[in-house]
Amino acid sequence: MKKQLRNEIRSRKKFASADDLHRQSQAVCERILQHPKWQEADTVLLYHALPDELDTSLLLQQKGKRILLPVVVGDDLELRLFTGELHEGSYGIMEPGGVKAELGSSSLLCIVPGMAFDRQGHRLGRGKGYYDRLFAKLSDKSLYKMGVCFDFQLLDAVPSEPHDIVMDEVMVG
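Below or above, wherever it landed, is the structure these notes cover. (Residues numbered from 1 in each chain as written. Predicted model: local features only at pLDDT ≥ 70, side-chain atom pairs only at ≥ 80, totals over all residues. Heavy atoms only, no water.)

### Quick notes on the nonpolar core
Generally speaking, nonpolar side chains in soluble globular proteins are found buried as a group. Residues Ile32, Leu108, Ile111 and Phe135 are the most contacted members of the largest nonpolar core, which totals 48 residues. Leu108 has contacts with Thr43, Val44, Leu45, Leu68, Leu79, Leu103, Leu138, Ser142, Leu143 and Tyr144, leaving out every residue within four places of it along the chain. With seven residues, the next largest nonpolar core counts Met115, Ala116, Leu124 and Val158 among its residues. (Core = buried A, V, L, I, M, F, W, Y, C linked by side-chain atoms within 4.5 Å. Buried < 20%, exposed > 50% of the residue type's maximum accessible area, 1.4 Å probe, protein only. Contact = heavy atoms within 4.5 Å.)

Right, dumping it as structure tokens:
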């Protein structure tokens, strides 16, 4: 079921125009910048978008926030401080160099990509479980998990399992 749904979303992405995807990305980022959780946050977990993901470059350019980006290390994601420098890492994802970020006790706004989401906050990822494992490891932290997606990625229901982490909110283009 999950594999079929991923294929369906990939197919929908192929039919979306680049202009529409750009417009939706900008709209979501602008709403995030106005969101109270963004404005309150000192530290934000973002992602550097793959070509088929909602583009977060507008958020990466913002000053005054401590921005963390995930880096694939083996079977896990490690969070590193974004200083503006990136290099290509696993799966062609642009990643920051440097050392693992210390989170301390600060609350963390997490902007999370996905293949699909539903209105209840369930997320369908790419199938490797990286974000689920990351959030399970950060369960002692105060996290606000905000899924972001294009309009065709919001579904009535997304299959979920007990270990799947549910988003607190989903922002749709």
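Let's pick the thread back up.
### Quick look at the environment of Val170
Its place among the elements puts Val170 in strand S11 (residues 169-172). In this structure the C-alpha to C-alpha distance between Val170 and Arg119, which are 51 residues apart in sequence, comes to 7.2 Å. Setting aside residues no more than four positions away along its own chain, Val170 makes contact with Phe117, Asp118, Gly121, Gly147, Cys149 and Leu154. (Helix = DSSP H or I, 4+ residues; strand = E, 2+ residues; numbered from the N terminus.)

### Quick notes on the layout of surface pockets
Size it by volume and the largest pocket reaches roughly 610 Å³. As for the largest pocket, its lining consists of 31 residues, of which Arg123, Arg126, Lys128, Tyr130 and Tyr131 are closest to the centre. Mapped onto the lining of the largest pocket, the elements with two or more residues apiece are helix H1 (2-15), strand S2 (66-73), strand S5 (94-95), strand S8 (123-124) and helix H5 (130-137). Examining the composition of the lining of the largest pocket, we find that four residues originate from one element, S2, more than from any other. Classifying every residue of the lining of the largest pocket gives 16 nonpolar, six polar and nine charged. Taken as a whole, the second largest pocket encloses approximately 230 Å³ of empty space. Lining the second largest pocket, in full, are Val73, Asp76, Leu77, Glu78, Leu79, Lys100, Ala101, Leu103, Leu134, Lys137, Leu138 and Lys141. Counting residues per element, the ones that place at least two in the lining of the second largest pocket are strand S3 (76-81) and H5. For the lining of the second largest pocket, the residue count by class is seven nonpolar, no polar and five charged. (1 Å grid on protein atoms, 1.4 Å probe; cavity = no way out; pocket = protein on both sides within 12 Å on 5 of 7 lines; lining within 4 Å. Points joined across faces, edges and corners; volume = space filled by probe spheres on them. Nonpolar A, V, L, I, M, F, W, Y, C, P; charged D, E, K, R; others polar.)

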